[in-house]
Amino acid sequence: MITDLSPLLHHVTPAVRTDELQAKKGSWFRFSSLFPDDQKTGWASGKTFVVSQDTLLVDYPVSNNIVNQDWVTLDLTNQTNPTIPGVPHGTAAQQGTLQMYPAQPYIVYQIAVGMKPGKYFCILSIPRGTIPIYQMGSSAIPPGINDPVYRYLGAKYPKDSPVDSPTWFLYSILNAPQIVLQTFMDGGDTMAAGVLYGKCTIIFRVNKCPLRQISIADVASLATPIPANQTVNIQSGRVALVTGAQGTQVTTPQKQTIAVIPGKSFVADTGSTVQTGNGSAVITTMDDVHKWQTVQERALFIPYYTELTGF
Amino acid sequence: MATARCTANVAVQALFAVPLHMKAKIDAINIDNQGVAAATVQLEDDFTQDVSNLVGAPVARSAFPFQATVPAGISFSADELSVKEIECLGNVGAIANVVQAGTVIIVEYHFE
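With that out of the way, let us pick up the overall build of chain A. Along the backbone of chain A there are four helices and 19 strands. Expressed as a percentage of the 311 residues in chain A, the buried residues total 47%. When contacts within chain A are restricted to residue pairs at least 6 apart in sequence, those whose partners lie at least 24 apart make up 74%. Of the roughly 14,600 Å² that chain A leaves accessible, carbon and sulfur atoms contribute 54%.

Here's what the structure looks like:
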């Protein structure tokens, strides 16, 4: 699952608005094949989806008053009583989980993490109990909330994803590994009994997106239809894939006429002419293919967490 | 910006409650002591510490981020520097060392 905007930042500006980054009806999601192709996440593994209906935004504020140099654990899953052994931060912070995962397949929750101002930071681990996602990859400097020096590695501060325009997104699907945030109070707002306390408030904006897998029809929508009894010239520099009904013919630059077999595609070179008979045809040019690839690239790519921890 | 008012009392006098997901910033504190005795007034912030790595059960805490002693017959206003960094987390009130209806405490605040 994706954890921040790095796949998008190459084509967004600092002035980007959060609502431009939120998925809407018609937005695309592509899941890495590293999602296990099994009963749990097989429906998503390696597949591309389109948001099929209007999305629903749910603001979900979470606040904690904690002492300076202390932390709380926010588990976004639907496991109400996590008892995961080997949790590095102990069990006292296990307060139950936040229920931010869909209960059904074919739904993705796009979760914007909006951090209100305060003297705290967040560390992300996927799944629970593992070393944080944002790390240098060197075993000499393993990050972790318990380490007084390396807990700052890859920490996200309120300025990184402010509550008014969050730019840090998490994605949850049914049965995906646990997303765990640890919020660490590094300072304080007020002092009681000689100890500094502070409030860390995160407003999660959960964008509930129903999904439909991309179909051949979606791809075909990029192609150019040719009505019956029409002639189209394949322009210079364009190679086209022609699919047509009975009677569709392609005349090559060498003036050779070839009938297109219904149900099969024919590659027409530059300079060819496509003529339809009584039925229609569609041509998909390389421009369309490029457009398709661009759409694919712009689809929000959701890598499995091991991709992030692996480099 | 909102305003809350109370008079001096040795028991905490409620001023305002901070919403769960907000913090209160103090904009001004004015103490008009028209009573017969000097009054030492504290701002009290009562909040509950949440369960955390170090704390296994919620704990009630009281912070006193502001204090001033105002002689009788004096009207006192805290300067901006004294209050602008004060942040309150829970139920905010005023507590004094005397019960004196003539000592009026007015706090201006807003939530963030």
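Residues and elements named next belong to chain A. If you walk across this open sheet you meet the four strands as β12-β17-β14-β15, and the pairing is antiparallel. Taken across any chain shown, the strands that pair with only one partner, and hence form the sheet edges, are β12 (231-233) and β15 (257-259). Strand-to-strand twist in this sheet, taken as the mean axis angle between neighbours without regard to direction, amounts to 20 degrees. Bridge count between β12 and strand β17 (residues 273-275): three bridges; the pairing is antiparallel. Directly across from T231, in β17, lies its bridge partner Q275.

Now for the nonpolar core. With 47 residues, the main nonpolar core has F29, F31, L76, V108, L124, W168 and F204 of chain A as its most contacted residues. Looking at this core, the element that brings in the most residues is strand β5 (residues 107-115) of chain A, giving seven residues. Formed by 27 residues, the second largest nonpolar core is a distinct cluster that contains I31, V92, A94 and V107 of chain B.

With that settled, the discussion passes to the interface of chain A and chain B. Each partner contributes residues to the interface: chain A has 29 residues there, and chain B has 25 residues. Taken over both partners, the interface formed by chain A and chain B buries close to 2,000 Å², and the fraction arising from carbon and sulfur atoms is 50%. The largest contributions to the chain A side of the interface with chain B come from N65, Y197 and K199 of chain A, which together make up 28% of the buried area. There are one salt bridge connecting chain A and chain B. D189 of chain A is the partner of K23 of chain B in a salt bridge, and the nearest nitrogen-oxygen pair spans 3.3 Å. Linking chain A with chain B are 17 residue pairs in polar contact (both at pLDDT 80 or more), by the criterion used here. For the side of chain A that touches chain B, the elements supplying multiple residues, two or more each, are β3 (56-67), β4 (71-75), β9 (190-192) and β10 (195-213) of chain A. Tallying contributions element by element places β3 of chain A first for the side of chain A that touches chain B, with seven residues. Per-class residue counts for the side of chain A that touches chain B are 13 nonpolar, eleven polar and five charged.

Checked against the element boundaries, Q49 of chain B lands in strand β4 (residues 39-49). Q49 of chain B gets classed as buried once you look at its relative accessible area, which sits at 1%. Of the polar contacts made by the side chain of Q49 of chain B, one reaches the side chain of Y197 of chain A; its length is 3.3 Å. If we skip the residues at most four places from it in the chain, Q49 of chain B touches N65, V67, D70 and Y197 of chain A together with V55, P58, V59 and R61 of chain B.

Turning next to the sheet that holds strand β16 (residues 265-268) of chain A. Residues and elements named next belong to chain A. If you walk across this open sheet you meet the four strands as β11-β18-β13-β16, and the pairing is antiparallel. Only two strands of the sheet have a single partner each, and these edge strands are β11 (224-226) and β16. Taking each pair of neighbouring strands and ignoring which way they run, the sheet shows an average axis angle of 30 degrees. Pairing of β11 with strand β18 (residues 281-285) involves three bridges; the strand directions are antiparallel. By the bridge assignment for β18, T224 is matched with I283.

Residues and elements named next belong to chain A. Cis peptide bonds are those with omega within 30 degrees of zero, and the linkage from I126 to P127 qualifies with -10 degrees. Relative to the helices and strands, P127 is located in the loop between β6 (120-125) and β7 (169-172). Residue N175 is not a glycine yet carries a positive backbone phi of 65 degrees. Among the structural elements, N175 can be located in the loop between β7 and β8 (180-185). Residue class for N175 comes out partly exposed when judged on its relative accessible area of 42%. Positive phi outside glycine occurs at K255, with the angle close to 65 degrees. Residue K255 is classed as exposed on the basis of its relative accessible area, which comes to 68%.

The rules we used
Residues numbered from 1 in each chain as written. Chains lettered and ligands numbered in written order. Predicted model: local features only at pLDDT ≥ 70, side-chain atom pairs only at ≥ 80, totals over all residues. Heavy atoms only, no water. Helix = DSSP H or I, 4+ residues; strand = E, 2+ residues; numbered from the N terminus. Buried < 20%, exposed > 50% of the residue type's maximum accessible area, 1.4 Å probe, protein only. Contact = heavy atoms within 4.5 Å. Areas by Shrake-Rupley, 256 points an atom, 1.4 Å probe, with all protein chains shown as cover. Pairing = 2+ DSSP bridges. Axes fitted to C-alpha atoms, helices over the stretch in contact; angles between N-to-C directions. Core = buried A, V, L, I, M, F, W, Y, C linked by side-chain atoms within 4.5 Å. Buried area = accessible area lost by both parts, 1.4 Å probe. Salt bridge = Lys/Arg side-chain N within 4 Å of Asp/Glu carboxyl O. Polar contact = N/O pair within 3.5 Å; in protein donor to acceptor, adjacent residues only side chain to side chain. Nonpolar A, V, L, I, M, F, W, Y, C, P; charged D, E, K, R; others polar.

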